[in-house]
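# Fold and geometry: a report
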Amino acid sequence: MAIHKDLLGGPPPTHLPDDPEPRELLGSGSAPTDVAAKYPASSLAWAQLADEAYENGRVIESYAYARTGYHRGLDALRRAGWKGHGPVPWEHEPNRGFLRALHALARAAQSIGEQEEYERCSTFLRDSSPAAADTLG
């Protein structure tokens, strides 16, 4: 007999629906600005923009891109049944855009001295997906 209930009583993991087009475009070398313009709800495109801006020393732009990806991801999570807490597994590839945006937001917040936001986002990332927190650093 298989038991499929969380014995600790926590919410089930949230799995965002797959949206392969932005991922495929980014994977084939399309500019993240073009992908974000075509798919503005894609957290992955915004996360990639945040990463590129950060790598090029444009921390404020990175923060803005990451915040956009984060909020787009929150919208998607809520549509997928998320109630404000619970696992958002890194292992489910469609979740990675949101998790990357959350990580990028924490990183940029820390860079500009916004410690409270950094701590909130870092805790949120680890609570959502320890694997994402470990993978993204």
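What comes next concerns the included structure. (Residues numbered from 1 in each chain as written. Predicted model: local features only at pLDDT ≥ 70, side-chain atom pairs only at ≥ 80, totals over all residues. Heavy atoms only, no water.)

## With respect to the overall build of the protein chain
- The helix and strand inventory of the protein chain stands at 7 helices and 0 strands.
- Counting from the amino terminus, the protein chain carries its helices and strands in the arrangement α-α-α-α-α-α-α.
- Relative to a compact globule of 137 residues, whose C-alpha radius of gyration would be 14 Å, the protein chain shows 15 Å and is just as compact.
- With the C-alpha coordinates of the protein chain rotated into their principal frame, the extents come out at 55 × 35 × 25 Å.
- Counting all 137 residues of the protein chain, 39% fall into the buried class.
- A sequence separation of at least 24 residues applies to 62% of the contacts in the protein chain between residues at least 6 apart.
- Mean positive and mean negative side-chain charge positions of the protein chain (14 and 19 charges, respectively) differ by 4 Å. (Helix = DSSP H or I, 4+ residues; strand = E, 2+ residues; numbered from the N terminus. Rg over C-alpha atoms; globule rule 2.2 N^0.38 Å. Buried < 20%, exposed > 50% of the residue type's maximum accessible area, 1.4 Å probe, protein only. Contact = heavy atoms within 4.5 Å. Lys, Arg positive; Asp, Glu negative; His and termini not counted. Charge placed at Lys NZ, Arg CZ, Asp CG, Glu CD.)

## Focus on the pattern of salt bridges
- Inspection of every chain in the model, using the stated rule, returns 9 salt bridges.
- Between Asp51 and Arg100 there is a salt bridge, with the nearest N and O atoms lying 2.8 Å from each other. With a gap of 49 residues between them, Asp51 in helix 3 (residues 43-55) and Arg100 in helix 5 (residues 96-111) connect regions that are remote in the sequence.
- Residue Asp51 is classed as buried on the basis of its relative accessible area, which comes to 15%.
- Salt bridges sharing partners connect three or more residues here, namely Asp18, Arg23 and Glu93. (Salt bridge = Lys/Arg side-chain N within 4 Å of Asp/Glu carboxyl O.)

## Some words on the environment of Phe98
- With respect to the secondary-structure elements, Phe98 resides in helix 5.
- For the pair Phe98 and Arg72, spaced 26 residues apart in the sequence, the C-alpha separation amounts to 7.8 Å.

## Some thoughts on the packing of aromatic side chains
- Applying the stated criterion to the full structure yields 5 aromatic pairs.
- A centroid spacing of 6.3 Å and a plane angle of 85° characterise the contact between Tyr70 and Phe124, whose relative ring orientation is edge-to-face. Of this pair, Tyr70 sits in helix 4 (residues 59-79) while Phe124 sits in helix 6 (residues 115-128), placing them 54 residues apart in sequence.
- For Tyr70, a relative accessible area of 6% gives the class buried.
- Taking the relative accessible area as the measure of exposure, Phe124 reaches 16% and is therefore buried.
- An angle of 65° between the planes, with centres 5.9 Å apart, marks the rings of Phe98 and Phe124 as edge-to-face. (Phe/Tyr/Trp six-rings, centres within 6.5 Å; stacked < 30°, edge-to-face > 60°.)

## Observations concerning the side chain of Ser62
- Inspection of the secondary structure puts Ser62 in helix 4.
- Classification of Ser62 by relative accessible area gives buried; the value is 0%.
- Apart from the residues lying within four places of it in its own chain, the contact partners of Ser62 are Ala50, Ala53, Tyr54, Arg107 and Ala108.

## Describing the nonpolar core
- Formed by 24 residues in total, the largest nonpolar core has its most connected members in Tyr70, Phe98, Leu99, Leu102 and Phe124.
- Going through the elements one at a time, helix 4, helix 5, helix 6 and helix 7 (130-136) are the ones with two or more residues in this core.
- With 8 residues, the single largest contributor to this core is helix 5.
- Every residue in contact with Phe124, bar those within four places of it in the chain, is listed here: Tyr70, Leu74, Trp82, Phe98 and Leu102. (Core = buried A, V, L, I, M, F, W, Y, C linked by side-chain atoms within 4.5 Å.)

These results come straight from atomic positions and should not be treated as a statement about function.
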